[in-house]
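A look at the structure
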Amino acid sequence: MNTEPPFTPHPVLKPHYSDLQEKQPFLRKVFDDSAEHYERIATWGFFGTGNWYRRGALRRAGLTPGMQVVDIAAGTGITARAAADITGTAAAVTCVEPSAGMLRESARRLPAARHIQGMADGIPLSDGEFDFMSMGFALRHVEDLETAFREFLRVLKPGGRLLILDITKPEGDFANWLTRLYFRDLMPGLTRLMTGSREAQYLMEYYWETLNLMVEPERVLEALAAAGFQQASREVQAGIFSEYTARKP
Ligand SMILES: C[S@@+](CC[C@H](N)C(=O)[O-])C[C@H]1O[C@@H](n2cnc3c(N)ncnc32)[C@H](O)[C@@H]1O
């Protein structure tokens, strides 16, 4: 019997964890184990796109000074720091992140922001607190897209804006071949070389598998609409950087 939820971001990845109940504990360990290396991977490994790409995407999605922002799956806080650059104050930014190791790194780098341990699928915040929500490169890690999006809707104020950043497979055979070459064949080994960490290498091996098996972007847009978001749309930068945006009615 298929027990996977209707909007699962990718199938259960048996070599890594055997069923959906194990997914979150598995992820918690993988990110705890590689937390100290994540910033380095995110800056050189993703073509140096770190802070400036995230800042541009946040601006394109309508983030402006004065807004209260929540960054879900904050990791070491790269997206949250970009948001703080725009709002002008880290005190306007709340970071939500399940991995204690990642959260520690984020709190060290952006101490004036609020840091809360929690997951997208059950956000430990009250209703209608935020003008803007971001989630950077973590969509694949939730259990069910619609469940997470209902939570997103709940913590946003009416009219609040959502931005989800993700890497998606490009159009065309050649671009797909290049993506496979980079993310599957080169990046895990380069990560090991750069960090000396087997755990960081494993994170990137796992990353490729999720990228390869991730649901089609149309499914993400359907899940946003099913959860109650309006104006759900997707813009793609450089063929692989997807920016999903939506508004709470
Ligand atoms: C690739 S990192 C992205 C970090 C950061 N958002 C960025 O832009 O660089 C993915 C993060 O998602 C977190 N994560 C995993 N499962 C999650 C869940 N169910 N809800 C929220 N965050 C989750 C991980 O702990 C990790 O810190």
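Not measured: the values here are computed from a predicted model.

Thresholds applied
Residues numbered from 1 in each chain as written. Predicted model: local features only at pLDDT ≥ 70, side-chain atom pairs only at ≥ 80, totals over all residues. Pairing = 2+ DSSP bridges. Helix = DSSP H or I, 4+ residues; strand = E, 2+ residues; numbered from the N terminus. Buried ≥ 20, exposed ≤ 12 C-beta atoms within 10 Å, placed from the backbone. Near = placed C-beta within 6 Å. Nonpolar A, V, L, I, M, F, W, Y, C, P; charged D, E, K, R; others polar. Axes fitted to C-alpha atoms, helices over the stretch in contact; angles between N-to-C directions. Contact = placed C-beta atoms within 7 Å.

1. Points about the pairing of strand S7 (residues 241-247)
The side chains of a regular strand alternate between both faces of the sheet. Taken together, the 7 bridges between strand S5 (residues 156-167) and S7 define a ladder with antiparallel strand orientation. By the bridge assignment, Ile 167 is partnered in S7 with Phe 241. Direction of pairing for strand S6 (residues 230-237) relative to S7: antiparallel, over a ladder of 6 bridges. Bridging across to S7, Ser 233 finds its partner in Thr 245. Between S6 and S7, which pair antiparallel and follow one another directly, the connecting turn spans 3 residues, one of which, Ala 238, has a positive phi of 55 degrees.

2. Here's the deal with unusual backbone geometry
Backbone phi values are negative for most residues with the exception of glycine, while trans is the configuration of most peptide bonds. Not every positive phi belongs to a glycine, and Phe 137 is a case in point at roughly 55 degrees. Assessed through the 19 C-beta atoms surrounding it within 10 Å, Phe 137 is described here as partly exposed. Phi is positive for Gln 231, close to 55 degrees, though the residue is something other than glycine. Relative to the elements of secondary structure, Gln 231 occurs in strand S6.

3. Considerations on the site of the ligand
Taken together, 22 residues are adjacent to the ligand, and Ala 73, Gly 75, Gly 136, Ala 138 and His 141 come closest. The set of elements that each furnish at least two residues to the shell around the ligand consists of helix H1 (20-45) and helix H3 (78-87). Per-element accounting of the shell around the ligand gives the leading share, 4 residues, to H1. A breakdown of the residues in the shell around the ligand according to their chemical character gives 14 nonpolar, 6 polar and 2 charged.

4. With respect to the sheet that holds strand S3 (residues 114-117)
Sheet architecture is open: 7 strands sit in the order S3-S2-S1-S4-S5-S7-S6, paired in mixed fashion. Strand pairing shows two members of the sheet lacking a second neighbour, S3 and S6, which therefore form its edges. Going across the sheet, the axis of each strand differs from the next one's by a mean of 15 degrees, ignoring polarity. Taken strand by strand, helix H8 (residues 217-227) contacts S6 and S7, and its axis lies near 155 degrees from that of S6.

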